[in-house]
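Next come the chains, spelled out residue by residue.
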Amino acid sequence: MTQPNRLNSGGRIDRDQPMQFEFNGRRYSGFQGDTLASAMLANGVDLVGRSFKYGRRRGIVAAGAEEPNAILQLGATEATQVPNVRATQQELFDGLVAQPTSGWPSLNTDALGMVGKVFGSLLPPGFYYKTFMFPRFGWKLYEKYIRKAAGFGRSPRAEDVDQYDHLNQHADVLIVGAGAAGLAAALSAARSGARVILADEQSEMGGSLLHSRDLMGGKPATQWVADTLAELAGRDNVLLLPRSTVNGYHDHNFLTIHERRTDHIADRAPEGMSRQRLHRVRARWVVLATGAHERPLVFANNDLPGCMLASAVSTYLNRYAVAPGNKLVLMTANDYAYRTAFDWQDAGRDVVAIVDSRADVSGHYQEEAKRRGIAVLLGHGVIEARGSKKVTGAVVASLNADGSAVAGASRTLSCDLIASSGGWSPVVHLSAHTGSRPVWNDDVLGFVPGETLQQMKTAGAVKGSYDLVACLRDGAEQGAEAAKLAGFDATPATTPEVDSWPEAKAMALYSIPHTQPNSRAPKQFVDLQNDVTAAAIELATREGFESIEHVKRYTAMGFGTDQGKLGNINGMAIAAKSLGQSIPDTGTTIFRPNYTPVTFGAVVGRHCGELFEPERYTAMHDWHVQHGAEFENVGQWKRPWYYPKAGETMQQALDRECLATRESIGILDASTLGKIDIQGKDAREFIGRIYTNAWAKLAVGKCRYGLMCHEDGMVFDDGVTSCLGENHFLMTTTTGGAAGVLEWLELYHQTEWPELEVFMNTVTDHWATMTIAGPNARKLLAELCDDIDLDKDSFKFMDWRQGTVAGVPARVFRISFTGELSYEINVQANYGLHVWEKLFEHGEKYNLTPYGTESMHILRAEKGFIIAGQDTDGSVHPYDLNHGWAVKEDKPFSFIGKRGMKREDCVREGRKQLVGLKTKDPKVVLPEGAQAVDDPKQPLPMAMLGHVTSSYYSANLGRSIAMGLIKDGLNRNGDTIYYPLSNGQVVEAEICSTIFLDPKGDRQNV
Amino acid sequence: MFYIHCPYCDEHREEEEFHAKGQAHIARPLDPDACTDEEWGNFLYFRANPRGIHHELWVHAAGCRKFFNITRDTQTYAILETYRLGEQPSVTSQS
Ligand SMILES: [Zn+2]
């Protein structure tokens, strides 16, 4: 396979290592060392995509992160699909498969041009703006067309087969960018002994030096790069991260680096190696040496394949040995770009002309062009590119002095490549991430980093300093300075001398005028990725958008993955000119993370699948799994939800579990309930201030239910607290509320009552808790425990005892959340499974039945016991719950919640109150959340009384039961209310007591 | 993501270890029952939302569990100091 544009010699590619790749279904070959873009250009691939809005043919423009067109879909298999890959940043590997992402129905069909024209008129400037202003109409109408036409890749439909890692790093000095300035900075910092991280987005470090033909200290620039990297690599205080993009600069010098470890090797990562890493770096000092992106000049039809950045042409020639054409027209407003014409000529290709917008310029570069016999057209511009599928000519004309108008007759030069350079735009993105607005610098003709807000230095071209010697020296100095500020003894590294010619002043030129006004001339593209033209920006300013931020929203300039790398400054210049003001008056431009797209894989790291969130298991978890439990997530806990037997529906299982419990005995794994151990001589006083009820007289060996409120008087947690010793209590909380309650206790102890001597700690995981409930609970416990007197008169309801159960030390609490005779057996977690299994060994004859959280909910609802967070929602105080019995008003200390629940709104009539609900049809189970009304026939919107908080079918009662909040509900016992449901059905219900079963409590007191 | 110096651990730790708990130096009235509804409402709900210097209560939740105070610039997110409970800030909007 031939590579028509490949040079026979030179470049940093390895011609002995050919590689095959596929683009758009066709096979091509390239070499080790190529990027996908350089290999495509070597093969003469002109067309890489269709433009977003107009469907125009687009080719490769740049050689780095600023490439707007060659954004491809990568992946040989469904599982390895990666969208939004810039071909300029993707290294070639053997077997690479790439697809174009934009273009519909296919890349090469020229009919698309017509489709594009149709869409062009469908999508005028202001499209986004207008669409988002009226999203109901606009978005629905356009979305499907846009999604289809715009392309930009798709996510894989199969699960990603690769692994991704997160790494936390600390650095004394983090240097971003390994070009001339960054390498010099790294030398200075590394020699001081500071921990240095040097990150660079490219496969090879060296930046522009890799395609430079300058001599540094008499040697090729690449030799200096190699020597410097060898020294850095030999130091164990230096971490070199190539292929690593610093994508975000966040608060307090926290930076994220996206490292691509294997994307250059194969379609998927080698076994045992993570594909990408996200480094989370906390750096003492940062040196930004991010360089600059060349700006293209804007002219008519400047999007034709064959229009490229001047520096990109040099990069392809010198680094990749690729000449993307034969006959070059170079347009420039500065001296630097002359090098591209010289490079082109040295590669044996034809330079048709250098078109320089400056009328009176003479210096080394012009003389060199003359010496080489290259025609230089001073005071001229390329006003239009010619060609239908790719560039075939350049229309040139003389310009007036400031480049604002065509001054003379135009003529067409035959060529197949137009390279342009409007100057350089410093890569200020990361500095802008810190909240610092870039400021315009007239000498540099670009935005440079503004006020420094973090521990950050800048070096080299990012400041607008483009001279190589100056960049090296600045890098060395800033690297040393950063190391010094980080506490190290550093001196600037000496940097080599470079022979370079002084450059004449560049001209401030952004767009080239046409003989026609912009609105009538062929399209002049400012933002190629978003298809924004000079005429569209002018239209935006005419429609009254004066701030550049508004213009950007109106035109979509700088949107998407592009983030305005190539077009923003030109767009601002055009807007400024149209508004008759300067660029800084038009505004500045702000950039947000990420600098380039980051894969979801890297963002997620290992936090997926089983590791998405920590899962907590009780000591008896394996038993539950073996016995077929369905699980429910409660906080991070996996709790058994119910235990279906073969062929059972969920309701059948629940009915069986609930009936067995009340008929004989059931068992619940209650280990997940929060347990807080509270000690100290003031523990009792402390608990009394936290809970709403009385604690002063709770004796050792006794337990008590307590309600916890916030200062506003609203219930937020509840549970049983037991007195273990005079100065020792065990508080239980809801499963989900455990961590919050502990923090709440600490908050009050530390901030309000530090004088109280009290200590608390979580002991949730220390204990396994199993609740046996039902008429046979005492009989079963007696078989396994012979050192506690279980007699009903000595071990009473709401007592606890220390003893031995199944040979294991245990705390046994006679408390009940079911209304049955019930014991909560707490043993050291490691013994949990043993005791649980012993209980089953002895419980079989009583039909000991495990029940899960759902049956627990039903059994407690039959008794009217509340669940904080289900029957309460932060707007319910104890009296609303009819739990006034749990509020001790006359405690000496004004406990938390007391004042809150006395507020005017909390004591008024007509508050929503918790009541029981019985549907008229006992088989109908109200949906939780259903809203009650008095009159279901009233006009909409109906006056709502409150919602259903808990609702179940109770097998024990043979009917449905529910609880809910009803306005003034405690005064409406026996009233009929209605629940209109979303399906049109209306459920009739009667207000009743929340206690549906055993109102006197005989069952639990036996 | 913030890098926070815990004045009890005397170390900088990642924000992930901490919880923000709102405005600092809001004392619970000593005699709540003597407060009017308005006074209690102010204590419950009314908080400063300054642009610039702000004093905040934080807790080293996944560390030493101690509550402490942070003086923070709400515009730049710069943490100007952290100090223990019972201490007063040395950086204020007046200073
Ligand atoms: Zn701490």
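Trainee: Can you help me understand helix 14 (residues 568–579) of chain A in this one?
Mentor: Three- or four-residue spacings in an α-helix give side chains the same orientation, since the helix completes a turn every 3.6 residues. Residues and elements named next belong to chain A. Across its twelve residues, helix 14 extends 16 Å between first and last C-alpha, which sits within 8% of the 16 Å expected from 1.5 Å per residue. A large share of helix 14 lies buried, amounting to nine of its twelve residues. Within the sequence span of helix 14, burial applies to Asn-568, Ile-569, Asn-570, Gly-571, Met-572, Ala-573, Ile-574, Ala-575 and Ala-576.

Trainee: Even after reading the chapter, I still don't get the sheet that holds strand 23 (residues 406–414) of chain A, so can you show me in this structure?
Mentor: The pairing of strands in a sheet comes from backbone hydrogen bonds and takes either a parallel or an antiparallel form. All names here are of chain A. Sheet architecture is open: three strands sit in the order 21-22-23, paired in antiparallel fashion. Both edges of this open sheet fall to strand 21 (380–386) and strand 23, since each of them pairs with a single strand only. On average, adjacent strands in this sheet sit at an angle of 25° to one another, irrespective of strand direction. As paired elements, strand 21 and strand 22 (residues 393–399) share six bridges and run antiparallel to each other. Residue pairing for strand 22: Glu-384 is matched across the bridge by Val-395.

Trainee: I'm lost on helix 23 (residues 853–862) of chain A in this one. Help?
Mentor: Residue and element names in this part refer to chain A. Most of helix 23 sits inside the fold, with ten of its ten residues counted as buried. Where helix 23 is buried, its residues meet strand 31 (630–634), strand 32 (637–642), helix 18 (650–663), strand 33 (666–669), strand 46 (946–954) and strand 47 (959–967). Phi for Gly-864, located one or two positions after helix 23, is positive at around 75°.

Trainee: It is not clear to me how unusual backbone geometry should be interpreted in this structure. Could you clarify?
Mentor: Leaving glycine out, the prevailing phi sign among residues is negative, and the prevailing peptide bond configuration is trans. Residue and element names in this part refer to chain A. The linkage connecting Pro-593 with the following residue, Asn-594, adopts the cis geometry, with an omega of 0°. Examined against the element boundaries, Asn-594 turns out to sit in the loop between helix 15 (583–586) and helix 16 (600–604). Put simply, Leu-940 and Pro-941 share a cis peptide bond, and its omega is -10°. Along the chain, Pro-941 falls in the loop between strand 45 (931–932) and strand 46. For Asn-301, which is not glycine, the phi torsion reads 60° and is therefore positive. Relative to the helices and strands, Asn-301 is located in the loop between strand 16 (292–294) and strand 17 (307–309). Overall, the relative accessible area of 15% leaves Asn-301 in the buried class. In the Ramachandran plot, Asn-882 falls in the positive-phi region, its phi being about 60° despite a non-glycine side chain.

Trainee: Explain the pairing of strand 41 (residues 808–813) of chain A here, please?
Mentor: Side-chain positions along a regular strand alternate between the two faces of the sheet. Residue and element names in this part refer to chain A. Taken across its six residues, strand 41 has five buried, putting it largely inside the fold. Relative to strand 41, strand 40 (residues 800–805) runs antiparallel, the two being bridged by six bridges. Residue Arg-801 lies in a different strand from strand 41, and its bridge partner there is Val-812. The loop that links strand 40 with its antiparallel partner strand 41 comprises two residues; one of these, Ala-806, has a positive phi angle of about 55°. Judged from the four bridges that link them, strand 41 and strand 42 (residues 822–828) form a sheet pairing that is antiparallel.

Trainee: Got a minute to help me understand the coordination of the zinc ion in this structure?
Mentor: Between any two of four tetrahedral donors, the ideal angle at the metal is 109.5 degrees; between two of six octahedral donors, it is 90 or 180 degrees. All names here are of chain B. Around the zinc ion, the protein supplies Cys-6 (SG), Cys-9 (SG), His-60 (ND1) and Cys-64 (SG) as donor atoms, at distances of 2.0 to 2.3 Å. Considering all four donor atoms around the zinc ion, angles at the metal cover 106 to 115° and the coordination shape is tetrahedral. Each donor residue of the zinc ion belongs to the same chain, with the gaps between them written as C-x2-C-x50-H-x3-C. We classify Cys-6 as buried; its relative accessible area is 0%.

Trainee: Sorry, what's going on with the interface of chain B and chain A here?
Mentor: Frequently, the measure chosen for interface size is the accessible area that the parts lose on association. Facing 29 residues of chain B, the contacting portion of chain A comprises 30 residues. Across the chain B/chain A interface, buried area totals approximately 2500 Å², and carbon plus sulfur atoms make up 47% of it. When the buried area of chain B at its contact with chain A is split by residue, Met-1, Arg-28 and Arg-65 of chain B rank highest and sum to 30% of it. In this structure, the salt-bridge partner of Asp-37 of chain B is Arg-899 of chain A, at a minimum N-O distance of 2.7 Å. Where chain B touches chain A, the interface holds 25 residue pairs in polar contact (both at pLDDT 80 or more). Secondary-structure elements contributing two or more residues to the side of chain B that touches chain A are strand 3 (19–23), helix 1 (37–45) and strand 4 (53–59) of chain B. Broken down by element, the side of chain B that touches chain A gets its largest block of residues, five residues, from helix 1 of chain B.

Trainee: Whenever I open this one, the domain arrangement of chain A confuses me. Can you help?
Mentor: Residues and elements named next belong to chain A. Each assigned domain of chain A is listed here: domain 1 (14–150), domain 2 (164–292 + 426–485), domain 3 (296–422), domain 4 (517–581) and domain 5 (860–892 + 907–1005). Listed as interface residues are seven residues of domain 2 and, on the opposing side, nine residues of domain 3. Carbon and sulfur atoms supply 32% of the area buried between domain 2 and domain 3, which totals about 700 Å² over both sides. Here domain 2 and domain 3 share three salt bridges between them. For the salt bridge of Asp-343 with Arg-213, the shortest nitrogen-to-oxygen distance reads 2.7 Å. Where domain 2 meets domain 3, there are six residue pairs in polar contact (both at pLDDT 80 or more). Across the side of domain 2 that touches domain 3, the residue classes break down as one nonpolar, three polar and three charged.

Trainee: Teacher, can you tell me more about the environment of Arg-235 of chain A here?
Mentor: All names here are of chain A. Turning to its location among the elements, Arg-235 is positioned in the loop between helix 6 (221–233) and strand 12 (238–241). Here the alpha-carbon distance between Arg-235 and Glu-632, two residues 397 residues apart in the chain, equals 53 Å. Not counting chain neighbours up to four residues away, the residues in contact with Arg-235 comprise Ala-190 and Arg-191. For Arg-235, the side chain forms a polar contact with the side chain of Glu-231, separated by 3.5 Å.

Trainee: What exactly am I supposed to notice about the sheet that holds strand 5 (residues 71–74) of chain A here?
Mentor: All names here are of chain A. Spatially, five strands are ordered 2-1-7-5-6 in an open sheet, and the strand pairing comes out mixed. Of all the strands in the sheet, just strand 2 (26–32) and strand 6 (82–86) have a single pairing partner and so form its edges. Strand-to-strand twist of the sheet, defined as the mean angle between neighbouring strand axes without regard to direction, takes the value 40°.

Cut-off values and rules
- Residues numbered from 1 in each chain as written.
- Chains lettered and ligands numbered in written order.
- Predicted model: local features only at pLDDT ≥ 70, side-chain atom pairs only at ≥ 80, totals over all residues.
- Heavy atoms only, no water.
- Helix = DSSP H or I, 4+ residues; strand = E, 2+ residues; numbered from the N terminus.
- Expected span 1.5 Å × (residues − 1).
- Buried < 20%, exposed > 50% of the residue type's maximum accessible area, 1.4 Å probe, protein only.
- Pairing = 2+ DSSP bridges.
- Axes fitted to C-alpha atoms, helices over the stretch in contact; angles between N-to-C directions.
- Contact = heavy atoms within 4.5 Å.
- Donors = N, O, S within 2.8 Å, 3.2 Å for Na, K, Ca; no water.
- Tetrahedral: all angles 85-135°; square planar, octahedral: opposite > 155°, others 65-115°.
- Buried area = accessible area lost by both parts, 1.4 Å probe.
- Salt bridge = Lys/Arg side-chain N within 4 Å of Asp/Glu carboxyl O.
- Polar contact = N/O pair within 3.5 Å; in protein donor to acceptor, adjacent residues only side chain to side chain.
- Domains from an automatic or database assignment.
- Nonpolar A, V, L, I, M, F, W, Y, C, P; charged D, E, K, R; others polar.

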